[in-house]
Amino acid sequence: MATFDRERPVMHAAKTAGMALFLLTCLNLFNFIDRYILPGVQPLIKAEFGVSDERMGALTTAFFITYMIAAPITGWLGDRFPRKPLIIIGALLWSVATLLTARVHSYEMLYFRHAVVGIGEATFSIFAPALLADYYPEIDRNRILTIFYTAIPVGAALGYLTGGMLGPRYGWRAPFFIAALPGVVIALLFWMFVREPQRGAADSIAPTLNRTTFGGLFRNPAYLAATLGMAMMVFSMGGISVWLPTFFNRCAGYSLAVANQYIGGITVFDGIVGTWLGGWLARRWLKHDHRALYLLSAVSAGLTIPFAAVAFFGPRGLLLPAVLLAEFFLFMNTGPLNTAIVNSIGASVRSTAIAVNLFVIHSLGDASSPTIIGWVSDRSSLPKGMGVTLISLVVSALVLVFGSRFAPLLEGSEK
């Protein structure tokens, strides 16, 4: 009887796994809608405040600075306290900060607004994948996290579209309110209908010191390779996503509204189809090769490079198809690479490991790339600034190929 009582909360929690996945995916969607409204209205903000490209890029840097500072603290909390209330608090924080955009009337206040939102989003981004990993075994996590992370490109596309459609008509502040109320509602539903599982309830890989201790993270080559490979990928993805609407507007002559419509349409198509295809290919490949999550991500980065180069430096007539193909291949790694991170470490330090991962990928990645692109643009041209991202994609592919030799062997996969 004691055994049954001890396992009953886990059984009940497992019954809410589908609801947890649905609500967390919805929350992730609105999280990224809010984040990508800024690129969609960037020229409007630049015109109102009269700032340089470098300072516009610094808005995204402000977001990620607080994001990175909050990550280690929230990771520590997530490995020691229930994650469900922490997810709810984080969602409410960024929703309230988004509502305060109405009070922004200077560049400095907008900078502060983005910094506050970074704190709220850091909590959610750390705890959500850690919680989902405790509902599902390692071999299934690629499928689950592919669903969860599909919200990133879809949210980004809706952010572009919302900013492009509402910004020119109602002012750049109006689009930010779209994500605020849904974030509050979803957080309340999560509180009412989701049960938290026990930590490690679905893990099957042996709990070695490198997988289950904080110090072990820095001796865990599977974790380190996936993290560094992701950081170089994020450098490119973050920089491109922030500057692409401006690139369409300034270098290809599209109006801001039309530019965001094209980019939003491309992003939502590539995000859904590319992310799904990458997850599907990884699942099939994983049955025959335990290195599949790393190798597919490396192939994804490599295939992105030539099409991104054509988009930045080729004839303007090829811009749309080049962006379509570059984004398609870039999104293919979303589920597999995030799954590689989650599977490389054990449940006892999973929130901390994800926090360290987020700190590294953003400090080396998109915390700096928008500002760097803006700095290069101010001194030469925006295409040359965008071209910097090609270098990091090469590094990402090489690191992931090297790191694939350390991929853990999962139950249900082959060497």
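Right above here is the structure, for reference.
Residues numbered from 1 in each chain as written. Predicted model: local features only at pLDDT ≥ 70, side-chain atom pairs only at ≥ 80, totals over all residues. Heavy atoms only, no water.

Novice: Hey, could you run me through the packing of aromatic side chains in this one?
Specialist: For any pair of aromatic rings, geometry is given as the distance between the ring centres together with the angle between the planes. In total, this model carries 17 aromatic pairs according to the counting rule given. With 5.3 Å between their ring centres and 80° between their planes, F214 and F218 make a pair best called edge-to-face. Among the residues examined, F214 registers a relative accessible area of 46% and is labelled partly exposed. Looking at F218, the relative accessible area reads 47%, which means it is partly exposed. With a centroid separation of 5.5 Å and 80° between ring planes, the pair formed by F328 and F329 is classed as edge-to-face. We classify F328 as buried; its relative accessible area is 15%. Within the aromatic cluster, the residues linked to one another by ring pairs are F32, Y36 and Y160. (Phe/Tyr/Trp six-rings, centres within 6.5 Å; stacked < 30°, edge-to-face > 60°. Buried < 20%, exposed > 50% of the residue type's maximum accessible area, 1.4 Å probe, protein only.)

Novice: Please explain helix α6 (residues 138-149) as it appears in this structure.
Specialist: Because an α-helix completes one turn every 3.6 residues, residues spaced three or four positions apart along the sequence face the same direction. Compared with the 16 Å implied by 1.5 Å per residue over 12 residues, the 16 Å span of α6 between its first and last C-alpha is a close match. All buried positions along α6 are accounted for by E138, R141, N142, I144, L145, T146, F148 and Y149. (Helix = DSSP H or I, 4+ residues; strand = E, 2+ residues; numbered from the N terminus. Expected span 1.5 Å × (residues − 1).)

Novice: Help me understand the nonpolar core, please; the structure alone is not making it clear to me.
Specialist: Soluble globular proteins tend to bury their nonpolar side chains together. In terms of nonpolar packing, the biggest core is built from 122 residues, with L24, F190 and M386 touching the most fellow members. Looking at this core, the element that brings in the most residues is helix α2 (residues 17-49), giving 17 residues. If we ignore the near neighbours within four places in the chain, the residues touching F190 are A20, L23, L24, K84, I87, I88 and L131. (Core = buried A, V, L, I, M, F, W, Y, C linked by side-chain atoms within 4.5 Å. Contact = heavy atoms within 4.5 Å.)

Novice: It is not clear to me how the environment of A151 should be interpreted in this structure. Could you clarify?
Specialist: Take A151: it is sitting in helix α7 (residues 151-170). Here A151 falls in the buried class, since its relative accessible area comes to 4%. Remark: the alpha-carbon pair of A151 and F30, spanning 121 residues in sequence, is separated by 8.3 Å.

Novice: Hey, could you run me through the pattern of salt bridges in this one?
Specialist: Between side chains of opposite charge, pairing is possible as soon as their charged atoms come close. For the structure on display, the rule yields 10 salt bridges. Residues D34 and R113 are paired through a salt bridge, measuring 2.9 Å at the closest nitrogen-oxygen approach. Of this pair, D34 sits in helix α2 while R113 sits in helix α5 (residues 107-133); the two residues are 79 residues apart in sequence, bridging distant segments of the chain. The pair formed by D34 and R113 is uniform in burial state, with each residue classed as buried. With its nearest N and O atoms 2.9 Å apart, the salt bridge here joins R173 to E48. Residue R173 is located in the loop between α7 and α8 (180-193), and its partner E48 is located in helix α2; the two are separated by 125 residues in the primary sequence. (Salt bridge = Lys/Arg side-chain N within 4 Å of Asp/Glu carboxyl O.)

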